[in-house]
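These are the residues of each chain, in order.
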Amino acid sequence: MSSRSVPGYSFAAPFQIPAPSPIRSLAPYANRPGTISMAGGYPATELFDVEGLNAVAAKVGARLAGCLQYSNIEGQAGLRAQLARLSAERGISCDPDTELAVTGGSQQSLALLGRVMLEPGDTAIIESPGFPNSRQALHYTGATVHTVPSGPDGVDVDALAVLVEQVRPKLVSVVATFSNPCGATLDLERRRRLIELAARHRFLLVEDDPYSELRFEGEPIPPLLALAEGEQRDWVVYIASMSKTMAPALRIGWLIAPAEIRRRCISAKAADDMASSAWIQEIVAQYLEDGRYREHVPRIRAAYAARANALARALTEEMGDLVSFRKPQGGMFCWARLNGDIDSTRLLPHAIEHEVVYVPGKAFYSDPAQADAHAMRLSFATMNEAQIRTGIVRLRQALEACAAGTPTTVTLAA
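Now for a look at the structure at hand. (Residues numbered from 1 in each chain as written. Predicted model: local features only at pLDDT ≥ 70, side-chain atom pairs only at ≥ 80, totals over all residues. Heavy atoms only, no water.)

**Overview of helix α6 (residues 157-167)**
- The set of residues buried in α6 consists of Val-157, Leu-160, Leu-163, Val-164 and Val-167. One side of α6 holds all its buried residues, which, seen down the axis, span an arc of 110°.
- Elements in contact with the buried residues of α6: β3 (123-128), β4 (144-149), β5 (171-174) and α7 (188-201).
- Near the N-terminus of α6, the side chain that reaches the backbone nitrogen of Asp-158, with its oxygen 3.1 Å away, is that of Asp-156.
- Of the residues trailing α6, Arg-168 is marked for its positive phi of about 50°. (Buried < 20%, exposed > 50% of the residue type's maximum accessible area, 1.4 Å probe, protein only. Helix = DSSP H or I, 4+ residues; strand = E, 2+ residues; numbered from the N terminus. Arc of directions from axis to C-beta. Contact = heavy atoms within 4.5 Å. Polar contact = N/O pair within 3.5 Å; in protein donor to acceptor, adjacent residues only side chain to side chain.)

**A closer look at the packing of aromatic side chains**
- Evaluation of the coordinates by the stated rule reveals six aromatic pairs.
- Taking 4.2 Å as the distance between ring centres and 20° as the angle between the ring planes, the aromatic pair formed by Phe-15 and Tyr-140 counts as stacked. Pair noted here: Phe-15 is in the segment before α1 (27-30) and Tyr-140 is in the loop between α5 (132-139) and β4, with a separation of 125 residues, a long-range link.
- Its relative accessible area of 39% is what places Phe-15 among the partly exposed residues.
- With relative accessibility at 33%, the residue Tyr-140 sits in the partly exposed group.
- Here the aromatic cluster, defined as three or more aromatic residues joined through ring pairs, consists of Phe-216, Tyr-304 and Phe-380. (Phe/Tyr/Trp six-rings, centres within 6.5 Å; stacked < 30°, edge-to-face > 60°.)

**Focus on empty space enclosed by the protein**
- Applying the stated criterion across every chain, the model contains one cavity of 30 Å³ or more.
- Its volume calculated, the largest cavity comes out at about 40 Å³.
- Along its surface, the largest cavity is lined by Pro-43, Ala-44, Leu-47, Phe-48, Lys-244, Thr-245, Met-246, His-296, Ile-300 and Tyr-304.
- Considered class by class, the residues forming the lining of the largest cavity number seven nonpolar, two polar and one charged. (1 Å grid on protein atoms, 1.4 Å probe; cavity = no way out; pocket = protein on both sides within 12 Å on 5 of 7 lines; lining within 4 Å. Points joined across faces, edges and corners; volume = space filled by probe spheres on them. Nonpolar A, V, L, I, M, F, W, Y, C, P; charged D, E, K, R; others polar.)

**Description of the sheet that holds strand β9 (residues 323-325)**
- If you walk across this open sheet you meet the four strands as β9-β10-β13-β12, and the pairing is antiparallel. Edge positions in the sheet fall to β9 and β12 (359-360), since each of these pairs with one other strand and no more.
- Both β9 and strand β10 (residues 333-338) contribute to a ladder of three bridges, which runs antiparallel. The residue of β10 that forms the bridge with Phe-325 is Ala-336. (Pairing = 2+ DSSP bridges.)

Shown next, in the form of structure tokens:
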């Protein structure tokens, strides 16, 4: 390794101190053989429809030469049409030629919207706790990103109404259905209030919707854009992804936005990556056209329902009053809270020693002073029911060891 000192680079302000990922930092422990990981936000590998994807890939392969050129920046026409149909099934009507664009996952959708709408001096608002990468996507524009409290019932709309008056945001981003990390779903009344706030104060309300197809209990609630009426639609954007229902490696998401916003997002995407892969887009379009998506998603729902039920049973039977939680109705996460004096960060090294890993709640707060130190995110997606039970037994044993003051050899970064 070179002994030369690091040159005095003049980095852009948002990148002067790169934000570490508290979730990725757990990967070396989560990937240890024998460890049960409840830390990742990954879908279950064994549930990928490999057979179905291979079948449609073979169809696309028969016309492969036409799929190897650059795609239209806004996405292949066939995929845009299929995604418009899928969105219509969720209650959202749109014009695939003027309002819908294909992106590299919903994360790119949010980053494009941030770049189009925000600059230094502007303000945006996200939920807290929330997905750290969402905050980063908006922070990297140079805008000031404020947080509004969220929890098991979703974003606090009353608190948001007060904050909007104070900071006058240009953009507010929420996950209205099965949020990450809380697994929360906003009820219909609060969804309507959010839309009314956006229209009245003229900020762009962005709904990130990666999880709504994963509902396995309760009645579906329409997306925000499906509820927006008349001029309200000018202030609501919908972004979604195939990562949690088909496969993350496809890197296919989409946004539905007013035509002038969509047009500028396409310009921003051209500067990013020119276009998403035409080949992959055609595979996704064929998968949707052949009806395989409608056949596949119920299988994921059923598996996740069994795993969420197993987690709820194990927490109740093995942890009892030591933990509080709300049984998930969908998505991939359970937001649990330790009831005693021990917080989730203090417990984590003991959990790692007992070969079970989770993400402490503080990882999802941008302001440590606001963090619920006792909260933890438990993902149930990637384990079978037996593994879930074993993981919670290990978690109880780790809590007992921590309470007893048993030394641990695991040292985690602060």
